[in-house]
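A structural walkthrough
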Amino acid sequence: MTPLSNLIDGIGTSFGPLCTKTIEDCQRWIQRLACTLDTEHWLKGLEPNPTTVLHQDPVQGFVLKTHHVLEGQYFAPHDHGQGWVIYAVQSGEMELSTYVEPGGKGTAPLVRRERYRMGPGDCRVFLPGDIHDTRCVSKSVRLFRFTSCDLDIEAEEGRMTKFVARDGDWVRPSSV
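Quantities reported herein were computed from a predicted structural model and do not represent experimental measurements.

**Remarks on the side chain of H132**
As for its position among the elements, H132 is in strand β8 (residues 131-136). There is a polar contact of 3.5 Å between the side chain of H132 and the backbone oxygen of D130. With sequence-adjacent residues up to four places away left out, H132 is seen in contact with A76, P77, H78, H80, Y87, S97, T98, Y99 and F126.

Right, dumping it as structure tokens:
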């Protein structure tokens, strides 16, 4: 078995309603995957593709993708709606920031809570409503993104928020 098939089997048994045990079990599996060596045959050929779906579970709905991001690419502050997400870096380095909305949704610009870097083997969980951004700070980064649901559906149904720049701050689109 490959690390990928082991992960899919492991997550399939660990996945369930959002709770600490589910998050911790899934995070352990994704972190193991992030430690996969570049010599693994299934990783070869993925790099030219910006995004590859590695698995989409037809019953439980979780999705595992790999992303190849180039230096300087930036994804503005956003959340993942009702979904929760685990990012894990396999190679390269990325910078993430987390944000809060003081006073509630749409009443004030975002405030950065923290900024940190993730390198190979690092893993981070974002729960429903957590606001964050990402930036590739190395030549490129390969990361795995595990989502509890299909984020395309979250976006289509209007549950995800992608914040916009206004006067040097990040705000909800409805407050522009």
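**Overview of the side chain of K65**
Tracing the backbone through its elements, the reader meets K65 in strand β2 (residues 63-70). D152 is the oppositely charged side chain nearest to the buried, salt-bridge-free K65, at an N-O distance of 4.6 Å. Among residues more than four places away in sequence, those in contact with K65 are T51, T52, V53, L54, L143, F144 and R145.

**Observations concerning the packing of aromatic side chains**
Per the stated rule, a full pass over the model turns up seven aromatic pairs. Taken together, a centroid distance of 5.9 Å and an interplanar angle of 25° make the contact between F15 and W84 stacked. With F15 in the loop between α1 (3-14) and α2 (20-34) and W84 in the loop between β3 (74-78) and β4 (85-91), this residue pair connects regions lying 69 residues apart in the sequence. Of the two residues, F15 and W84, both sit in the buried class. One Lys or Arg, R32, reaches over the ring of W29 and ends 4.5 Å from the middle of that ring.

**Thoughts on the pairing of strand β9 (residues 140-147)**
Extensive coverage of β9 is indicated by the burial of seven of its eight residues. Bridge count between β2 and β9: eight bridges; the pairing is antiparallel. Bridge pairing in β9 places L64 opposite F146. As judged from the six bridges shared by β4 and β9, these two strands associate in the antiparallel manner. Considered in β9, the bridge of V89 is made with L143.

**Description of the layout of surface pockets**
As a volume, the largest pocket reaches approximately 500 Å³. Lining the largest pocket we find 26 residues, and of these H67, F75, H78, Y87 and R145 sit closest to its centre. Among the elements of the structure, β2, β3, β8, β9 and α3 (151-156) are those that each provide at least two residues to the lining of the largest pocket.

**Re α1**
Under the 1.5 Å per step criterion, the end-to-end length of α1 is 16 Å for twelve residues, consistent within 8% with the ideal 16 Å. Turning to α1, its buried residues number three or more, namely L4, L7, I8, G10, I11 and S14. Its buried side turned inward, α1 meets α2, β1 (51-56), β2 and β9.

Definitions and cut-offs
- Residues numbered from 1 in each chain as written.
- Predicted model: local features only at pLDDT ≥ 70, side-chain atom pairs only at ≥ 80, totals over all residues.
- Heavy atoms only, no water.
- Helix = DSSP H or I, 4+ residues; strand = E, 2+ residues; numbered from the N terminus.
- Polar contact = N/O pair within 3.5 Å; in protein donor to acceptor, adjacent residues only side chain to side chain.
- Contact = heavy atoms within 4.5 Å.
- Buried < 20%, exposed > 50% of the residue type's maximum accessible area, 1.4 Å probe, protein only.
- Lys, Arg positive; Asp, Glu negative; His and termini not counted.
- Salt bridge = Lys/Arg side-chain N within 4 Å of Asp/Glu carboxyl O.
- Phe/Tyr/Trp six-rings, centres within 6.5 Å; stacked < 30°, edge-to-face > 60°.
- Lys NZ or Arg CZ within 6 Å of the ring centre and 35° of its normal.
- Pairing = 2+ DSSP bridges.
- 1 Å grid on protein atoms, 1.4 Å probe; cavity = no way out; pocket = protein on both sides within 12 Å on 5 of 7 lines; lining within 4 Å.
- Points joined across faces, edges and corners; volume = space filled by probe spheres on them.
- Expected span 1.5 Å × (residues − 1).

The quantities given are spatial measurements derived from coordinates; they are silent on function.
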